[in-house]
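Overview (structure and organization)
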Amino acid sequence: MNDYISNRTIHTHDVGTYVTHGGAHPVQIVSALGRSILDSRGFPTVQVDLELADGTLVSGAAPAGASTGAHEAVELRDGGAAFSGMGVRRAAQMVTTEIGDLLTSRPWAGISEIDRALADLDGTPNWSRLGANAVVATSIAASRALAREAGLPLHRWIALLSGANETLPVPHFNVLNGGAHAANDLDFQEFMIAPVGATSEEEAVQTGAEVYHALKTLVQTRYGTAGLGDEGGFAPAISNPEEALDLIVQAITDTGHQAALDDVAIALDPAANGFGDGDGRYRVAGQDLDRGSLADRYGALLDAYPIRSIEDAFHEDDHDGWALMASRFGGRVQLVGDDLYVTDPRRIAEGAEQGWSDAVLIKPNQIGSVSQTLDAIATARSHDMACMVSHRSGETTDTFIADLVVGTGVGQIKSGAPARGERVCKYNRLTDIEADQPGLPYGLSTKDDA
């Protein structure tokens, strides 16, 4: 048995018996099909289609990252010449054959049961045999099947499974791109806006879209083009993060809002793996910086702009940098670990004990299964850490993360710009949930929300 899965999920999902044994029937899957589809960057990814005993079809699709942590679960790619080695036919075939044989072999009572069985079948600590892309798509599709059998919307099923209070999240719109997501010289990867002052999801999405269009006008006027990065944000030919932030502040102001921590705040994902060497040395906008100088640079930005959150401020291996950032700015700004933690409960627990950050980015495909994702959130919450659910740069029109963020009640999501179908489908799903469940609260979660 893969001890990593079994030990990390059983205790978290005991509440799932409410769904799987409290009046609902186990799910019987009669066929499983893995398919290769294109993601938003034009590379293949895996889609899983499951047919249930009553003829219902449910699906799940795996996203993929461009900026990835070294400790992420391992995708199964084909190699060779096709798609520059990025094909997923082997992973899709794993779904149709081995995974399909497993899923159709008996009824299933819960998602932890399915994910544990997949772990046993895989036999590695990081999904490298079956492929994390095959597994996460399967786990998402199976979650939809179980929610349907329980007669519940997916977000409500997740809430019962996680024991959380459902909450509509503050969206963090990535409106200006750099780093690995854009063909410009901007070292910082993501510049986001967060409508924390909105009173509803619908208002937040409207605010994000209006600021996005105001920013488009500024970028077109100043740079003569409004080309986009991988996640739908603008990617003008700039290299200085202050220039990017000035544009965003002006766009917020042009819509009649205030660039402020209580109205439209700013969030950053520098993604320091892209401009650091892991040994405390960095290069930003042509300047060589040690970790102390980089922390000074962040401090100057915090003094000048209404920044509420900074993600991956230091390289994933620069633990001294993370500790320095936390000692200087902890409590003043949310410090989010992405590549540092890769949605791994054990790494999250270590980071909490070491005091590296006070928040965790949650990406299901980083860890491989829905059960592990829920365990990561539970681990973060047990250490009083906040969570933000996230998309990847290579996305599909699967909206699972929208239901995940509502069902777990973590109160924060980032899914790129309010543009491009693979991004806006998540935001549209959030407003659909709000319309269907008008009593759900909107906003950042607190420690009492779980």
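We now turn to the structure provided with this report. Keep in mind that what you see is a predicted model, and the values were worked out from it rather than measured. (Residues numbered from 1 in each chain as written. Predicted model: local features only at pLDDT ≥ 70, side-chain atom pairs only at ≥ 80, totals over all residues. Heavy atoms only, no water.)

**A closer look at helix α9 (residues 291–304)**
For α9, spanning 14 residues, the distance from its first C-alpha to its last is 20 Å, which sits close to the expected 20 Å at 1.5 Å a residue. Along α9, the positions that sit buried rather than exposed are L294, A295, R297, Y298, G299, L301 and L302. As for α9, its buried residues are in contact with α8 (241–254), β6 (265–269), β7 (281–284), β8 (287–290), β9 (307–311) and α10 (319–329). (Helix = DSSP H or I, 4+ residues; strand = E, 2+ residues; numbered from the N terminus. Expected span 1.5 Å × (residues − 1). Buried < 20%, exposed > 50% of the residue type's maximum accessible area, 1.4 Å probe, protein only. Contact = heavy atoms within 4.5 Å.)

**Quick word on the pattern of salt bridges**
Scanning the entire structure with this criterion turns up 27 salt bridges. Here R77 ties to E75 by a salt bridge, and the two come within 3.1 Å at their closest N and O atoms. For R77, a relative accessible area of 13% corresponds to the buried category. D318 is paired through a salt bridge with R291; the nearest N and O atoms lie 2.8 Å apart. Highlighted residues: D318 in the loop between β9 and α10 and R291 in helix α9, separated in sequence by 27 residues. For D318, a relative accessible area of 1% puts it in the buried group. When salt bridges with common partners are traced through the structure, they connect E190, D269, E311 and K414 into a single cluster. (Salt bridge = Lys/Arg side-chain N within 4 Å of Asp/Glu carboxyl O.)

**Considering the packing of aromatic side chains**
One pass over the full model with this rule turns up eight aromatic pairs. Centroid distance Y298 to F314: 6.0 Å. Interplanar angle 70°. Geometry classified as edge-to-face. Taken together, the positions of Y298 in helix α9 and F314 in the loop between β9 and α10 put the pair 16 residues apart, joining distant regions of the chain. Classification of Y298 by relative accessible area gives buried; the value is 0%. Residue F314 is classed as buried on the basis of its relative accessible area of 1%. (Phe/Tyr/Trp six-rings, centres within 6.5 Å; stacked < 30°, edge-to-face > 60°.)

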